[in-house]
Amino acid sequence: EPPPILGTWPRLYTAVLLFLAILIALFYWFGQVWS
Amino acid sequence: MKLFDWVVLLLALGGVIFYGLWKARGSNTTDSYLRAGRTMPWYAMALSIMATQASAITFISTTGQAYVDGMRFVQFYLGLPIAMVILSVTAVPVFHRANVYTAYEYLEQRFDSKVRLLVSILFLIQRGLAVGLALSAPAIVLTVILGWSAEATTIVMGVTVVLYTALGGVKAITWTDFYQMLIMMFGLGIALVTAIWLLPADVGFLGALEVAGGAGKINPIVTAFSWNDRYNLWSGIFGGMFLALSYFGCDQSQVQRYLTGSSITQSRLSLLFNGLAKLPMQFVILLTGCVVFAFFTYTQPPLLFQKHAQSQIEKAAEYPELKARYDAAFAKRRAAAGNIAQDKAAYQAAAAEFDAVRKQGSQLAERVLGEKGFNDTNYIFLNFVTTYLPAGLVGLVIAAILAAAMSTISGEINSLATVSIIDVYRRYVNQNADDRHYLWAARIATTFWGIYAVVTAQFARNMGSLVEAVNLLGSLFYGGILGVFVLAMYTKRVGPWAAFLGVIAGETAIFALHFSGMTSFLWYNVIGCLVVIAVGLGLSFVEKKKPA
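Residues numbered from 1 in each chain as written. Chains lettered and ligands numbered in written order. Predicted model: local features only at pLDDT ≥ 70, side-chain atom pairs only at ≥ 80, totals over all residues. Heavy atoms only, no water.

S.K.: What am I meant to see in the overall build of chain A here?
M.R.: The helix and strand inventory of chain A stands at one helix and zero strands. In terms of overall dimensions, chain A has a C-alpha envelope of 45 × 10 × 10 Å along the principal axes. Out of the 35 residues belonging to chain A, those deemed buried represent 34%. Here chain A has roughly 2300 Å² of accessible surface; of this, 74% comes from carbon and sulfur atoms. (Helix = DSSP H or I, 4+ residues; strand = E, 2+ residues; numbered from the N terminus. Buried < 20%, exposed > 50% of the residue type's maximum accessible area, 1.4 Å probe, protein only. Areas by Shrake-Rupley, 256 points an atom, 1.4 Å probe, with all protein chains shown as cover.)

S.K.: Just to check I follow, could you spell out the overall build of chain B for this structure?
M.R.: Along its length, chain B carries 24 helices and zero strands. For chain B, whose C-alpha radius of gyration is 24 Å, the value lies close to the compact-globule estimate of 24 Å for 548 residues. Considering only C-alpha atoms, chain B reaches an extent of 80 × 50 × 40 Å along its principal axes. For chain B, buried positions account for 61% of its 548 residues. For chain B, the accessible area works out to roughly 20500 Å², and carbon and sulfur atoms hold 65% of it. Side chains of chain B carry 39 positive and 29 negative charges; the gap between the two charge centres is 8 Å. (Rg over C-alpha atoms; globule rule 2.2 N^0.38 Å. Lys, Arg positive; Asp, Glu negative; His and termini not counted. Charge placed at Lys NZ, Arg CZ, Asp CG, Glu CD.)

S.K.: Explain the pattern of salt bridges to me, please; I cannot follow it from the model alone.
M.R.: Once the charged atoms of two side chains with opposite charge are near each other, the side chains can pair. Residues and elements named next belong to chain B. For the structure on display, the rule yields 13 salt bridges over all chains. Among the salt bridges present, the one from Arg-72 reaches Asp-69, with a minimum N-O distance of 2.9 Å. What makes Arg-72 partly exposed here is its relative accessible area of 22%. By relative accessible area, which is 29% here, Asp-69 ends up partly exposed. With a shortest N-O distance of 3.0 Å, Arg-127 and Asp-251 are connected by a salt bridge. (Salt bridge = Lys/Arg side-chain N within 4 Å of Asp/Glu carboxyl O.)

S.K.: Sorry, what's going on with the confidence of the model for chain B here?
M.R.: For any part of a model where pLDDT is low, the fine detail of the predicted coordinates should not be relied upon. Per-residue pLDDT for chain B has a mean of 90; in total, 95% of the residues score no lower than 70. Of all secondary-structure elements in chain B, the lowest mean pLDDT belongs to helix H21 (residues 465-475) of chain B, at 65, while helix H5 (residues 80-89) of chain B reaches the highest, 97. (pLDDT = per-residue confidence, 0-100.)

S.K.: Would you mind showing me how to read the side chain of B:Asn383 here?
M.R.: Structurally, the position occupied by B:Asn383 is in helix H18 (residues 377-388). When sequence neighbours within four positions are dropped, the list of residues in contact with B:Asn383 reads B:Ile145, B:Pro302 and B:Phe305. (Contact = heavy atoms within 4.5 Å.)

S.K.: Whenever I open this one, helix H7 (residues 103-110) of chain B confuses me. Can you help?
M.R.: Because an α-helix completes one turn every 3.6 residues, residues spaced three or four positions apart along the sequence face the same direction. Residue and element names in this part refer to chain B. In terms of burial, H7 is largely enclosed, as six of its eight residues are buried. For H7, every residue scored as buried is listed here: Ala-103, Tyr-104, Glu-105, Tyr-106, Leu-107 and Arg-110. Of the surrounding secondary structure, the elements contacted by the buried residues of H7 are helix H6 (91-98), helix H8 (113-130), helix H12 (233-250), helix H13 (252-259), helix H19 (393-429) and helix H22 (478-490).

S.K.: For this particular structure, what's the right way to read the nonpolar core?
M.R.: One recurring pattern in soluble globular proteins is that nonpolar side chains are buried together. All names here are of chain B. Of all hydrophobic cores here, the largest spans 173 residues; its most connected members are Phe-95, Leu-107 and Phe-485. Counting residues per element, this core draws most heavily on H19, which supplies 18 residues. Dropping the residues within four chain positions of it, Phe-95 is found in contact with Val-100, Ala-103, Tyr-106, Gly-249, Val-255, Tyr-258, Leu-259, Phe-485 and Met-489. (Core = buried A, V, L, I, M, F, W, Y, C linked by side-chain atoms within 4.5 Å.)

S.K.: How should the environment of B:Ala351 be read in this particular structure?
M.R.: Residue and element names in this part refer to chain B. Here Ala-351 lies in helix H17 (residues 344-369). Its relative accessible area of 5% is what places Ala-351 among the buried residues. In this structure, the C-alpha to C-alpha distance between Ala-351 and Ile-237, residues 114 residues apart in sequence, is 31 Å. Setting aside chain neighbours within four positions, we find Ala-351 in contact with Ala-215 and Arg-333.

S.K.: What's the story with the packing of aromatic side chains in this structure? I'm lost.
M.R.: All names here are of chain B. Summed over all chains, the structure comprises 40 aromatic pairs over all chains. Taken together, a centroid distance of 5.2 Å and an interplanar angle of 65° make the contact between Phe-295 and Phe-296 edge-to-face. The pair Phe-295 / Phe-296 is uniform in exposure class, with both members buried. Taken together, Tyr-19, Trp-22, Trp-42, Tyr-43, Trp-175, Phe-178, Tyr-179 and Phe-273 form an aromatic cluster joined through their ring pairs. Over the aromatic face of Tyr-438 sits the side chain of Arg-426, whose NZ or CZ is 5.8 Å from the ring centroid. (Phe/Tyr/Trp six-rings, centres within 6.5 Å; stacked < 30°, edge-to-face > 60°. Lys NZ or Arg CZ within 6 Å of the ring centre and 35° of its normal.)

S.K.: I tried to follow helix H1 (residues 3-23) of chain B on my own but got confused; where do I start?
M.R.: Residues and elements named next belong to chain B. Its 21 residues give H1 an end-to-end C-alpha distance of 30 Å, which sits within 8% of 30 Å, the value for a rise of 1.5 Å per residue. When H1 is considered as a whole, its buried residues turn out to be Asp-5, Leu-9, Ala-12, Leu-13, Val-16, Ile-17 and Gly-20. One side of H1 holds all its buried residues, which, seen down the axis, span an arc of 110°. Along H1, exposed side chains directed more than 90 degrees from the buried face belong to Leu-3, Phe-4, Leu-10, Leu-11 and Phe-18. On the buried face of H1, the contacting elements are helix H10 (150-197) and H19. (Expected span 1.5 Å × (residues − 1). Arc of directions from axis to C-beta.)

S.K.: Hey, could you run me through the interface of chain A and chain B in this one?
M.R.: How big an interface is tends to be reported as the loss of accessible area on association of its parts. In this assembly, 17 residues from chain A lie in contact with 30 residues from chain B. The contact between chain A and chain B buries some 2200 Å² in all, and 84% of this surface belongs to carbon and sulfur atoms. Taken together, the connections running from chain A to chain B amount to zero salt bridges. Our count for the chain A to chain B interface comes out at one residue pair in polar contact (both at pLDDT 80 or more). The residue makeup of the side of chain A that touches chain B, split by class, is 14 nonpolar, two polar and one charged. (Buried area = accessible area lost by both parts, 1.4 Å probe. Polar contact = N/O pair within 3.5 Å; in protein donor to acceptor, adjacent residues only side chain to side chain. Nonpolar A, V, L, I, M, F, W, Y, C, P; charged D, E, K, R; others polar.)

S.K.: Would you explain unusual backbone geometry in this entry?
M.R.: Even without being glycine, A:Leu6 reaches a positive phi, approximately 70°. When you line up the elements, A:Leu6 lands in the segment before helix H1 (9-33). Phi angles above zero are rare outside glycine, and B:Arg38 is one such case at about 50°.

S.K.: Please clarify how the packing of helix H4 (residues 56-69) of chain B against H18(B) should be interpreted in this entry.
M.R.: What describes two packed helices is the angle between their axes and the distance between those same axes. All names here are of chain B. In the contact formed by H4 and H18, the axes pass within 7 Å of each other and the chain directions differ by 100°. As far as their axial angle goes, H18 and H4 are roughly perpendicular. Between H4 and H18, the residues in contact are Ile-57, Phe-59, Ile-60, Ser-61, Thr-63, Gly-64, Gln-65, Tyr-67 and Val-68 and Thr-377, Asn-378, Ile-380, Phe-381 and Leu-382, respectively. (Axes fitted to C-alpha atoms, helices over the stretch in contact; angles between N-to-C directions. Parallel < 35°, antiparallel > 145°, perpendicular 65-115°, else oblique.)

S.K.: For this particular structure, what's the right way to read the environment of B:Ile140?
M.R.: One can find B:Ile140 in helix H9 (residues 133-146). The exposure class assigned to B:Ile140 is partly exposed, which follows from its relative accessible area of 33%.

See the structure below:
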């Protein structure tokens, strides 16, 4: 059965991995600004 | 701990336990007791998964780690979201369709009973070695900070957990975990907000970041790779992914959380939510440690955060001289922090000087106490909480830490009991009893493992670093177990003997690596897992197929 959001499972998985990539970028930026 | 703190603590924890037992009424079959009859929604499983992973040490130690070493520890979890996606694609539908109570039961369906028994025994040894640690670690710290009796702390916590775990089964565990996780998140948020609120008025949150960053504490991403360092971007993504695959995919204490799902979709969503929420949560814990660091830049901390060690070194002849230098180093660093925007280099030099004096304090403690490798990282956060937080909030943070300990222990003794009954007792000892018999056997096994956890926790407190060594030995089984699940789910040709010998070969490789000290701990399991897969595939070419 499809997931409740984003329509298909591959899309939801991609969204989770995209979120991870954004977090890594944000963490990296945070470290650059405050060091 | 004032009276108001005790009221908050007992209301928070007591209320949660009664709620869990109320939700679990009617768990009177093996299926409802061990799998909640597969009725759980994703949000309950998601928070239960997170609560089982977050132990008391996660809160006590991680904040202190940011204070001492900075935020780079967060990278340990970078591989976790990738692992959650992989498990959603593979393990969740496989386990759900196999309709199993334990992950190891599936191995018999795919291979045969000897592979299942081997991996079940590896799990029982691994979890059995570590289960007392989740109780003893917070008890040691609470003893020093609050003056509680360590025996009483472990026994009260242990008995409470056994009571609701043995009575209510997995439903009680999931719903108490759910609210224990909410208490943890609330307690954590309160600790961060209060720490910011306690900063001097002219410093504020941004000033705190500047002070912590100037001292090198804000380093969440380290891009330089090194084999021997687990806290960098690449080790975090690859090593952390393997570790998360093992822990969430092959360790019954986690697998049992999402075997209770009402559908594949619900179980998948619970893992994916864990993948989304885990990193931000760890980030907030570490950020709290950085703010506490800034707070102690303006308010003088004790030389050592461990009260007992501090009172012992005060008796030493060289202490007055050390204390004078410590006071001077603190004053110099505070003055330099006030001028950080103009002269950052002077601040960094003052911070390094302060750290050097504190290190001499640790070395003095080692000599006076006669213990090697003294460090007070685990005492920093609770020392801050109990000294500076207002009444009521102290009780809330202590409740969060006890909730973390209890939610971890409950999942572990519940999974140990399930594997003992389903994979060993019902499979080998007594195959033909009625359901009621196995339900009571599971209750007795839960009680046994709970008592076992309390007893080993009592021993663990007196053995210090030996416990960590034992815990490390247990974690050496992860690679072999992960390897056999990869063979089970991704290959069709590998038969039972190839898988069985593959696990033996993989574990031999891991123990050889460990005792030769060739590479860092994070990579043992990756290499071991690859050995299992290679040997299993290789032997599959010589193993005769079962006649169809």
